[in-house]
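Close look at the chain arrangement
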Amino acid sequence: MENKIPIWKRAARFARRLYHTVNNYRQMSKDIDFRAFGKLEYDSITTDEVKDLKKLDYIKRLNLAKKGYIDGNLKKLLAQGKEKELLVNHDHKIVPIGNFRILESDSLLCTIKFGFQFNTHTFFMASTTHGNIPLWKTYDGRGLRQSVSALHPVEKSSLRFEHSFYGADRLQNERKDSRSIAAFYNDAVQLTFQSNPYFKESILLPSEQVVSDPIQYVGKQFHLSELEGKYNIMTLTEATERYLVFQSFLETAPKSESLYFGMQEFKERFLDSKIELIAYLKHGLQLGIHKGILYVRRNEEVNGHSRLQWETYKKLMQSKEISAQERLYLSKEVIIKKNFVVEKDAIVLKNNERTAFLKKHYGTGEWRFAEGEKNQEEMHFRPIVGSVLRHIDRHYSHSKNFPIALVKLKNNLAVQTVQMKPS
């Protein structure tokens, strides 16, 4: 039948088909840059090599024109491309305002990003990504608390919480929203910090080491209890041999409050002068107290040098650095039995050749006596019985403090000491 059609009609039909085919290819070429492929042989290009959604759509139409269908792999890539395009479009509408990081030592456990959409006045958060694009979802304080509280340290007893606020510079053109954004960010910081007790364990107390080697503590958080105000957890942001600069940690936005301390001022305000010495103990330990919290001072080797370092009783007992012998001594003899003499109201007696000390025993309230060249923690303090009284009268009756000692010993006044709270 085909052979009966005149040849000129067959030629015209072929010309029309060729015309439509060329036009279809021309239309499709408007959506694709052929140079991006570097070749026109699309049959030799696998769909896995193509990531751009427009190019994948072109290959889809090409396959439909050639095969009448598209395979499953191409459908999957098209779906992924459309999903990524939606995420990108959504991400472009959200302005990042902050970033939280949770670490154990130097290991990053979790990152949480926060953002704000100006046209809807909505806050967002993202803890996961897809192809480096944040998977934003509407902010949920309860969900944030639950996810943060579920984190636990593996090797140590503390987690570290870090955060960065971006809004100060990015949001200056949106002043009508800047106040609410700053309030939101501060609330999120405080909620996160309070959601996990392991964060508090990483907060440091001021120590002599901060003064002697401040650079290594830059970026760390400190509890500066002497500061007035609601928040006294500060981050050391700058340190030299002459001064230290701290910024508020829990209330950062819109701008962190900065505090400057000269080294001498910092030492006088926050270090040992504020810890009241209670007693010299065995094993080279010292006992102190500040605002009802018990401290222990011990020798610490730093760069080959011995340095006395105060630490809270609770934190020291949890530390792996303290020996079993020291731990047993502190818990049993000091805390339970209260078997030590106190420095409060101690009396020094001197003659030409000897020096003696009178101190009260914390547990019994009785006065104890010891002789030595200096006030050593390992001196043996013995109860003051008749023979000891006669010895004191015989050798120290000419000491200027003898009348005071005599009154104390005769009346055996009740000891005035602070109540210890090992916390």
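Data block above holds the structure.
Residues numbered from 1 in each chain as written. Predicted model: local features only at pLDDT ≥ 70, side-chain atom pairs only at ≥ 80, totals over all residues. Heavy atoms only, no water.

A separate point is the overall build of the protein chain. Broken down by element type, the protein chain carries 13 helices and 19 strands. Expressed as a percentage of its 423 residues, the buried residues of the protein chain come to 39%. Long-range pairs, those at least 24 residues apart, make up 47% of the contacts in the protein chain between residues at least 6 apart in sequence. Put simply, the protein chain shows about 25,800 Å² of open surface, and 49% of that area lies on carbon and sulfur atoms. (Helix = DSSP H or I, 4+ residues; strand = E, 2+ residues; numbered from the N terminus. Buried < 20%, exposed > 50% of the residue type's maximum accessible area, 1.4 Å probe, protein only. Contact = heavy atoms within 4.5 Å. Areas by Shrake-Rupley, 256 points an atom, 1.4 Å probe, with all protein chains shown as cover.)

Turning to helix α5 (residues 141-149), a few remarks are in order. Residues of α5 that are buried include every one of G141, L144 and V148, and no others. The arc that holds every buried residue of α5, seen down its axis, measures 60°, which confines them to one face. The N-terminus of α5 is capped by D140, whose side-chain oxygen sits 3.3 Å from the backbone nitrogen of R142. (Arc of directions from axis to C-beta. Polar contact = N/O pair within 3.5 Å; in protein donor to acceptor, adjacent residues only side chain to side chain.)

Moving on, we come to unusual backbone geometry. For the peptide bond that leads from A253 to P254, omega is 0°, which places it in the cis range. The phi torsion at K338 lies on the positive side, around 55°, for a residue other than glycine. With respect to the element layout, K338 can be found in the loop between α11 (324-336) and β16 (347-350). Of note in this structure, D345 is not a glycine but carries a positive phi near 65°. With respect to the helices and strands, the residue D345 is situated in the loop between α11 and β16. Among the residues examined, D345 registers a relative accessible area of 39% and is labelled partly exposed.

Here we take up the packing of aromatic side chains. Taken as a whole and assessed by the stated rule, the structure comprises 24 aromatic pairs. Relative to F184, the ring of F114 has its centre 6.0 Å away and its plane inclined at 70°; by these criteria the two rings are edge-to-face. A residue pair is termed long-range when its members are at least 10 positions apart, and F114 in strand β2 (residues 107-117) and F184 in helix α7 (residues 175-195) qualify at 70 residues. F184 matches F114 in its accessibility class, with the two residues each being buried. Between F193 and F249, the ring centres sit 6.1 Å apart and the planes meet at 80°, which makes this aromatic pair edge-to-face. (Phe/Tyr/Trp six-rings, centres within 6.5 Å; stacked < 30°, edge-to-face > 60°.)

This paragraph deals with the sheet that holds strand β3 (residues 122-126). With respect to topology, 5 strands assemble into an open sheet ordered β6-β3-β2-β1-β7, the strand pairing being antiparallel. Every interior strand has two partners, whereas the edge strands, β6 (137-138) and β7 (160-165), have only one. Here β3 pairs with β6 via 2 bridges, running antiparallel. In the sheet register, F124 faces β6, and the bridge partner there is T138. (Pairing = 2+ DSSP bridges.)

The next point concerns the environment of L244. By the secondary structure assignment, L244 is in strand β10 (residues 243-248). Take L244: its relative accessible area is 0%, and that puts it in the buried class. The contact partners of L244, leaving out residues within four places of it in the chain, are V210, P214, L236, E238, A239, L259, Y260, F261, M263 and F266.

In total, this model carries 5 salt bridges according to the counting rule given. Taking the shortest distance from any N to any O, the salt bridge between R101 and E162 comes out at 3.3 Å. Note that R101 is positioned in strand β1 (residues 95-104) and E162 in strand β7, a separation of 61 residues in sequence. We note a salt bridge from K359 to E343, for which the minimum N-O separation is 2.4 Å. Within this pair, whereas K359 is found in strand β17 (residues 355-360), its partner E343 is found in the loop between α11 and β16, the two being separated by 16 residues in sequence. As far as the burial class goes, K359 and E343 line up, both buried. (Salt bridge = Lys/Arg side-chain N within 4 Å of Asp/Glu carboxyl O.)

Let's shift gears to the environment of A405. Along the polypeptide, A405 turns up in helix α13 (residues 402-411). C-alpha of A405 to C-alpha of F357: the two residues are 48 residues apart in sequence and 9.9 Å apart in space. Ignoring any residue separated from it by four or fewer positions in sequence, one finds A405 in contact with I347, L349 and L358.

The computed volume of the largest pocket comes to approximately 1,400 Å³. What lines the largest pocket is a set of 35 residues, among which K156, L204, E311, K315 and E321 lie closest to the centre. For the lining of the largest pocket, the class distribution of residues is 11 nonpolar, 10 polar and 14 charged. (1 Å grid on protein atoms, 1.4 Å probe; cavity = no way out; pocket = protein on both sides within 12 Å on 5 of 7 lines; lining within 4 Å. Points joined across faces, edges and corners; volume = space filled by probe spheres on them. Nonpolar A, V, L, I, M, F, W, Y, C, P; charged D, E, K, R; others polar.)

Positive charge collects at one region of the surface, where K9, R13, R16 and R17 lie side by side. Of note, K9 is situated in helix α1 (residues 7-29). (Patch = residues over 30% accessible without salt bridge, like charges linked within 9 Å, V, L, I, M, F, W, Y side chains within 5 Å. Lys, Arg positive; Asp, Glu negative; His and termini not counted. Charge placed at Lys NZ, Arg CZ, Asp CG, Glu CD.)

So, about helix α9 (residues 263-270). One turn of an α-helix holds 3.6 residues; hence residues three or four places apart share an orientation. Burial in α9 covers these residues: M263, F266 and F270. In an axial view of α9, the angular spread of the buried residues amounts to 65°, which keeps them on one side of the axis. Contact partners of the buried residues in α9: α8 (208-212), β10 and β11 (258-262).

Right, let's get into the pairing of strand β12 (residues 276-280). The pairing of β12 with strand β13 (residues 286-290) spans 4 bridges and is classified as antiparallel. Bridge pairing in β13 places A279 opposite L287.

As a further point, take the nonpolar core. In this structure, F100, F114, F161 and F193 are the most contacted members of the largest nonpolar core, which totals 29 residues. For this core, the elements supplying multiple residues, two or more each, are β1, β2, β3, α5, β7 and α7. Per-element accounting of this core gives the leading share, 8 residues, to α7. Other than its neighbours up to four places away in sequence, F114 contacts V95, P96, I97, G98, F100, F124, M125, W136, Y139, L144, F184 and A188. (Core = buried A, V, L, I, M, F, W, Y, C linked by side-chain atoms within 4.5 Å.)

Remember that the coordinates give geometry; whether it matters functionally is a separate question.
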